[in-house]
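Residue-level listing of the chains:
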Amino acid sequence: MEAVLAYLRAAIERGEYEVGDKLPSEAELCRTLEVSRPVLREALRALQTMGLTVSKTGKGTFVVANAVEDPTFGDYAASDLMEVRRHVEIPVAGYAAVRRTPEDLDHLVHLLERMERETDTTSWVALDTLFHLAVAQASQNPVFRRVIEEIRDALARQSAFLNELGGRREQSNREHRAIIEALTDGSELDAVEAMAHHLDRVETTLTDIVRRGRTDSPTEGGPEA
């Protein structure tokens, strides 16, 4: 999928497909790139998340931009989502460290253990969102949980995007482990630092994906050129 995405993204960025152009049909792209339809569709979804294309039911996929600016996850732009996450989830981790119950810790540990065993991206992403909801729950402030609930779909989309294109799963598991250790120790400072580090890594990976393109994407001859 990454190779197909890189190929199509490069084709758009170098002007092979210009703004307003319709991409070839799925069947034609599958034949040209020699990939299955599920793989192609994942790549097309990623192009849309990056803001390069839009899909119109019954009409096809159209180019709407020639450069990646700010990916969109559900209803929210990546930059807006990250800004809110920093202002909410970092202090939430601090509150959770001093307010969490033994049941909260048991739940978080259980979620992380399942994440560390999980190999399916979709299932892992679902657990990832549950983990962040559980941290908010541990803060004992229902408003924080409601905020995370509001952005839950965007968090899931962002998580899937980063794992499919940035290989974040194992690193994220380690970062989640550090958050749990801070909560277990009851250290507000360590919890805040652990969550801040986690979000720093999320943003760094997102930035790296956005900046990829002309210099390291295949330019001709198919996705494996």
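Preceding block: the structure.
In this text, all values refer to a predicted model and were calculated from it rather than measured experimentally. (Residues numbered from 1 in each chain as written. Predicted model: local features only at pLDDT ≥ 70, side-chain atom pairs only at ≥ 80, totals over all residues. Heavy atoms only, no water.)

A. Spatial organisation of the overall build of the protein. Of the regular secondary structure elements, the protein holds ten helices and four strands. Here the C-alpha coordinates of the protein stretch approximately 55 × 35 × 30 Å along the principal axes. Looking at the 225 residues of the protein, the share that counts as buried comes to 46%. Counting only contacts in the protein whose residues sit at least 6 apart along the sequence, the fraction spanning at least 24 positions is 73%. Carbon and sulfur atoms make up 46% of the accessible area of the protein, which totals about 11,400 Å². Positive and negative side-chain charges of the protein, numbering 27 and 40 respectively, have mean locations separated by a distance of 4 Å. (Helix = DSSP H or I, 4+ residues; strand = E, 2+ residues; numbered from the N terminus. Buried < 20%, exposed > 50% of the residue type's maximum accessible area, 1.4 Å probe, protein only. Contact = heavy atoms within 4.5 Å. Areas by Shrake-Rupley, 256 points an atom, 1.4 Å probe, with all protein chains shown as cover. Lys, Arg positive; Asp, Glu negative; His and termini not counted. Charge placed at Lys NZ, Arg CZ, Asp CG, Glu CD.)

B. Representation of the packing of helix H4 (residues 78-99) against helix H10 (residues 188-211). Their axes nearest at 7 Å, the elements H4 and H10 cross at an angle of 160 degrees. Relative to H10, the element H4 lies roughly antiparallel. The chirality of how H4 crosses H10 is right-handed. Of the residues in H10, those in contact with Ala78, Met82, Arg85, Arg86, Glu89, Ile90, Ala93, Gly94, Ala97 and Val98 of H4 are Glu188, Ala191, Val192, Met195, Ala196, His198, Leu199, Asp200, Val202, Glu203 and Leu206. Among the residues making up the contact of H4 with H10, the classes are represented as 13 nonpolar, two polar and six charged. (Axes fitted to C-alpha atoms, helices over the stretch in contact; angles between N-to-C directions. Parallel < 35°, antiparallel > 145°, perpendicular 65-115°, else oblique. Left-handed = near helix turned anticlockwise from the far one by under 90°. Nonpolar A, V, L, I, M, F, W, Y, C, P; charged D, E, K, R; others polar.)

C. The arrangement of empty space enclosed by the protein in detail. Inspection of every chain in the model, using the stated rule, returns one cavity of 30 Å³ or more. Along the wall of the largest cavity there are 14 residues; nearest its centre are Arg85, Asp128, Ser159, His198 and Val202. Mapped onto the lining of the largest cavity, the elements with two or more residues apiece are helix H6 (121-138), helix H8 (152-166) and H10. With five residues, the top contributor of residues to the lining of the largest cavity is H8. Looking at the lining of the largest cavity residue by residue, the classes come out as four nonpolar, seven polar and three charged. (1 Å grid on protein atoms, 1.4 Å probe; cavity = no way out; pocket = protein on both sides within 12 Å on 5 of 7 lines; lining within 4 Å. Points joined across faces, edges and corners; volume = space filled by probe spheres on them.)

D. Representation of the side chain of threonine 205 in the model. Checked against the element boundaries, threonine 205 lands in helix H10. On the basis of relative accessibility, which here comes to 9%, the residue threonine 205 falls in the buried class. At a separation of 3.0 Å, a polar atom in the side chain of threonine 205 contacts the main-chain carbonyl oxygen of arginine 201. Apart from the residues lying within four places of it in its own chain, the contact partners of threonine 205 are Leu162, Gly166 and Arg168. (Polar contact = N/O pair within 3.5 Å; in protein donor to acceptor, adjacent residues only side chain to side chain.)

E. Molecular detail of the layout of surface pockets. There is about 450 Å³ of room inside the largest pocket. Every residue lining the largest pocket is counted, 15 residues in all, and those nearest its centre are Arg45, Ala46, Thr49, Arg157 and Glu164. Every element with two or more residues in the lining of the largest pocket is listed here: helix H3 (37-49), strand S3 (72-73), H6 and H8. The element best represented in the lining of the largest pocket is H3, accounting for five residues. Taken together, the residues of the lining of the largest pocket break down into four nonpolar, six polar and five charged. As a volume, the second largest pocket reaches approximately 250 Å³. Around the second largest pocket, the lining comprises 18 residues; the ones closest to its centre are Glu26, Leu44, Ser55, Gly60 and Thr61. With four residues, the top contributor of residues to the lining of the second largest pocket is H3. In terms of residue class, the lining of the second largest pocket is made up of four nonpolar, eight polar and six charged.

F. Just the packing of helix H1 (residues 2-13) against H3, in detail. With their axes 9 Å apart at the nearest point, H1 and H3 run at an angle of 45 degrees to one another. With respect to H3, the axis of H1 lies oblique. Crossing handedness for the pair H1 and H3: right-handed. Packed against H1, whose contacting residues are Val4, Leu5, Leu8, Arg9 and Ile12, the element H3 presents Val39, Leu40, Ala43, Leu44, Ala46 and Leu47 at the interface.

G. Seen up close, the nonpolar core. Ranked by size, the top nonpolar core spans 67 residues in total, and within it Leu8, Leu47, Met50, Phe161 and Leu183 carry the most contacts. Not counting residues within four places of it along the chain, the set of residues in contact with phenylalanine 161 comprises Ala46, Thr49, Met50, Phe73, Gly166, Leu206 and Ile209. (Core = buried A, V, L, I, M, F, W, Y, C linked by side-chain atoms within 4.5 Å.)

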